[in-house]
Amino acid sequence: MSFTINGKTQAITPGERLIDAINRSCVEIPQVCYHPQLGPIQTCDTCMVEVDGKLVRACGTVAVDGMNVVTESARADAAQRAAFDRILGNHLLYCTVCDNNNGNCTVHNTTKLLAVEHQEIPYKAKPYEVDMSNPFYRYDPDQCILCGRCVEACQNLQVNETLSIRWEDPHPRVLWDGGAPIGESSCVSCGHCVTVCPCNALMEKSMLGEAGYFTALSKPALNGMIDVVKGIEPELGYGAILQLSEVEATMRESHTKKTKTVCTYCGVGCSFDIWTKGRHILKVEPTHGAANGVSTCIKGKFGWDYVNSADRLTKPLIREGEGFREASWDEALGLVVRRFAEIKAANGPDALAFISSSKCTNEESYLMQKLARAVIGTNNMDNCSRYCQAPATTGLFRTVGYGGDSGSISDIEQAGLVVIIGSNTAESHPVLATRVKRSHKLHGQKLIVSDLRENEMARRADVFLHPRPGTDLIWLSAVTRYILENGLAKQEFIDKWVNGAAEYIKSLEPFTMEMASERCGLPIETLTKVAHMIAAADGVCVLWAMGVTQHIMGSDTSTAISNLLLATGNYMRPGTGAYPLRGHNNVQGASDHGAMPNFFPGYQKVDDPAIRAKFEKAWNVTLPPKPGLDNHLMIDAIQDGRLKSMYVFGEEMSMVDSNANYVGDALSKLDFFVVQEIFFTETCRFADVILPGAPSLEKEGTFTSTERRIQRLYRAMEPLGESRPDWEIIQDIANRLGAGWKYEHPSQIYEEIAPLTPLMAGVTYERLEGYKTLQWPVAEDGSDQPLLYTKQFKFPDGKANFFPLTWYEPSNQQDAEYDLHLNNGRLLEHFHEGNMTYRTEGIREKTPCTFIEVSPELAIERGIKTGSWVQLTSRYGKVRAQAVITTRVTGKELYMPMNSVDEPVNRLTSSYTDKATHTPAYKETSVQLKVLGEVGENPLPRTNSRFGHPTPQKGVEVERKWKRGDYSQPGNGLVQIKTQ
Ligand code: SF4
Ligand code: SF4
Ligand code: SF4
Ligand code: FES
């Protein structure tokens, strides 16, 4: 297929937007409202071209074979200019003193492209004030060109549905919740709107007065400058004014650094440029990250203040009595290696243990496990995947072979049905959730959610299941049995690709619909509907997280999910598969790179002699042959005196491990405890030596996201004070113990990892340069696998396995004394305990503390009000917090977010674990509730997005603009050919 553009022939692809085809041809046309990731919204009319003699909007037209397109005709040119002139009527061109004058302003660049010298329609201010009420960004209606990009992004990409433009208003503007102050609306501060705004109407507050050379001027001085510009425009024209501003924009390049990085919060793996001026973070600019495009959530877009926090650790600290004193690196490292050596000499290498960080890089996890194994001689090595994702990995190892998501986020997007189990996806993996929300809203995707709480995804779901806690395995197995029994399974797929069907089907005998209905508390009709939806869907993706894994049946329930997917043939093709959503930014990578007690990098077994021989040869050492202690067993080993010393980096172990009182007690018994951190965390209180590490912005390396996607991060600024990149610290310790490592850059560490690790054989820093990514397994030639199992499953015979299961009662159940069930998890604004997010003032403002969600029924029964102080007591500890009455929870089920170091929910959780992996059963907690009498303010301020009232609509709804009495199509005879 081809078309002609200004007389030249060019190939087109079926269904391609005309504007994309024109852009590929390198012919420049204006296109103010068009953003490829948003699609055509057709509000600006600047992209007018002639097609076969008719005037059309290029963005709203589909290119078809044989089309004759003219972009340069007088008619098209006049229409483009007329449309842009209207835009300038809404926007003052004061570029030289504008913080958005960075070379990428669409309004500036279009003025230049069209060589506009004077405008016909004079600029007219709108009768509204600038809105500064959001802590992170501001809206200036006077600069708003009403392109609607922000509305489209909020309605149909982020799908928070906060923004709209009431086109019927005399002076339309962008509205939050139909007209609320931004700070009191349902806006979740994801920043999509700010990112896609083509001018300075929506801007990050961190840019204001900071980005330009003349933009820090006082308001009167700034207004004076703007008046000067307005004054000279009639005489000089915009050409000269733009030239001046372009000189200023070029000058900015000397103080603005743009560094590509990867988000350091959740496992979605958003990547973006971070703009810095010295240590000041100007803004986060997502553009074309493989996982996120222009998307971010509040944490990735605005949650970076912790990097410059005044309480960063900048010098090593050594315990002195009850306190700590500053020390030189030499003294601190000298003490660390002396004590490690003494403890090893006196008690053997297994008296030491190592915990790597899921926040830090792959290279750092690799070095940490190499230090433990090759230098100390122990496999006592773990990372926090033990706390969340190990059961999911086990479920996948049992059934399909690889311990990672079976496809990519794009597969989730194109699935016919998404099933979310035990995951508050919209808050815990916000950008990934936007893809589901978008497909559900716009493309007919179906959504089933199983959760204890009616979270956002549950509210949006076609079917919301609220099973009794700890019973997901039952309904999953019953639905699978029903599908198999009623001829709804994909028998051909099972026959060809799955082993063990007979034994598995037998194991399903107890799981009738009746049994499931009774045990789970779900109607049989609902379960039957779920079975039929799954069987009928064109591609099913199941997403799950800690609501599944943090149970004593975590591995088995994960396995049940995979069994269901196998029975319905939902592997091996796009839009299908199993997606355990990884929590931390690099929890996948920490395990992939050997920070586990039983695996070398790439899940190669430490007790396999051939594998061990390979690593012994490469590292020139003798390695311990037996798997070591995982982090759960480490705590027990400290308590019974076998484990004497630990080295933990980037892990708030004393807060995030279950049964925190027991863990804290253990840590206090260590003979020698080293903590490497960026802040003085709660875990640091137990330390003997604290080493100041560096956050992601201050170092290089790679992270691996939930999609198995490996991405590079670059150094945006130097480490603060005397803090150092963690890999350098680990290397120093190893070398002081005689290791002789010589890594000068993390790339050299990867050069060692790749040949030793078949899973990563072809990973190189060159192949990951800039925004390039690889999704493991990566073959030596660099080819990767965005979708797993396209040819076979990861077992010797290429087939998957059904895995028979039995259900057991959850641990730590309610009784007369502990009569309430306590669930826990994350909040959108905070990450885990909040060590990083609390250090962003705007986040603290929106969500200042933790709280306890109480159902309206229970509130009436116990006389609890929102703001009441309550005490929860479990069999393991106590916490106090204020109540929030909400229908998100029901009956005797409570929910407590984990964002607190003062009253951490893990004081209440137990030491019961998943049998296969020792992942704590955090979600099996029983408590009693005592009302303390005092009633305070709502712990969630009015500015929290929960209190907003979204205004869902189809998008920008430009047709309403076209109906305005004062709207006329620019140019003569506009024709709408075909829109997409
Ligand atoms: S939720 Fe808020 S920040 Fe996000 S796109 Fe909507 S208005 Fe903008
Ligand atoms: S605020 Fe929204 S409508 Fe206004 S210019 Fe920016 S993106 Fe366009
Ligand atoms: S926290 Fe997760 S969803 Fe949010 S920007 Fe970071 S990686 Fe993306
Ligand atoms: S780019 Fe705005 S109408 Fe086409």
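For the structure itself, look to the data block above.
Bear in mind that the values here come from a model prediction, so they are computed numbers and not experimental data. (Residues numbered from 1 in each chain as written. Chains lettered and ligands numbered in written order. Predicted model: local features only at pLDDT ≥ 70, side-chain atom pairs only at ≥ 80, totals over all residues. Heavy atoms only, no water.)

A. Examining the sheet that holds strand β28 (residues 701-704) more closely. A sheet is described by the order of its strands in space; here 3 strands give the open sequence β28-β29-β30, paired in antiparallel fashion. A single partner strand is all that each edge strand has here, and the edge strands are β28 and β30 (774-775). Sheet analysis places β28 next to strand β29 (residues 709-713), joined by 4 bridges and oriented antiparallel. Its bridge partner lying in β29, T704 is registered against I710. (Pairing = 2+ DSSP bridges. Helix = DSSP H or I, 4+ residues; strand = E, 2+ residues; numbered from the N terminus.)

B. Representation of the sheet that holds strand β18 (residues 446-450) within the structure. Taken together, the 5 strands give an open sheet; going across it, the order is β19-β18-β17-β21-β22, and neighbouring strands pair in parallel fashion. Two strands lie at the open edges of the sheet, namely β19 (463-465) and β22 (577-580), each paired on one side alone. Taking the axes of each pair of neighbouring strands and ignoring which way they run, one obtains an average angle of 15° across the sheet. Bridge count for strand β17 (residues 417-421) against β18 is 5 bridges, and the pairing is parallel. (Axes fitted to C-alpha atoms, helices over the stretch in contact; angles between N-to-C directions.)

C. Geometry of the site of ligand 3. Around ligand 3 sit C263, Y265, C266, V268, G269, C270, C297, K299, G300, P430 and V431, and those are all the residues in its vicinity. Those elements that place two or more of their residues in the shell around ligand 3 are α8 (298-302) and α14 (430-442). Split into classes, the residues belonging to the shell around ligand 3 amount to 8 nonpolar, 2 polar and 1 charged. (Near = heavy atom within 4 Å. Nonpolar A, V, L, I, M, F, W, Y, C, P; charged D, E, K, R; others polar.)

D. Structural context of the nonpolar core. Residues Y571, Y647 and F793 are the most contacted members of the largest nonpolar core, which totals 122 residues. Ranked by residue count, the leading element in this core is helix α16 (residues 472-485), at 9 residues. Not counting residues within four places of it along the chain, the set of residues in contact with F793 comprises V400, F493, W497, L566, Y571, M572, G798, K799 and A800. By size, the runner-up hydrophobic cluster in this structure holds 49 residues, among which are M634, I852, M896 and L908. (Core = buried A, V, L, I, M, F, W, Y, C linked by side-chain atoms within 4.5 Å. Buried < 20%, exposed > 50% of the residue type's maximum accessible area, 1.4 Å probe, protein only. Contact = heavy atoms within 4.5 Å.)

E. A look at the pattern of salt bridges. Overall, the coordinates contain 50 salt bridges when judged by the stated rule. We note a salt bridge from E16 to R24, for which the minimum N-O separation is 2.8 Å. E16 sits in the buried class, given a relative accessible area of 10%. Judged by its relative accessible area of 45%, R24 falls in the partly exposed class. A salt bridge links R252 to E248, with the nearest nitrogen and oxygen atoms 2.9 Å apart. In this pair, R252 and E248 both sit in helix α7 (residues 238-252), 4 residues apart, roughly one turn of the helix. According to the relative accessible area criterion, R252 is buried, its value standing at 2%. By relative accessible area, which is 2% here, E248 ends up buried. When salt bridges that share partners are traced, they join E161, K437, K441, E456 and R460 into one network. (Salt bridge = Lys/Arg side-chain N within 4 Å of Asp/Glu carboxyl O.)

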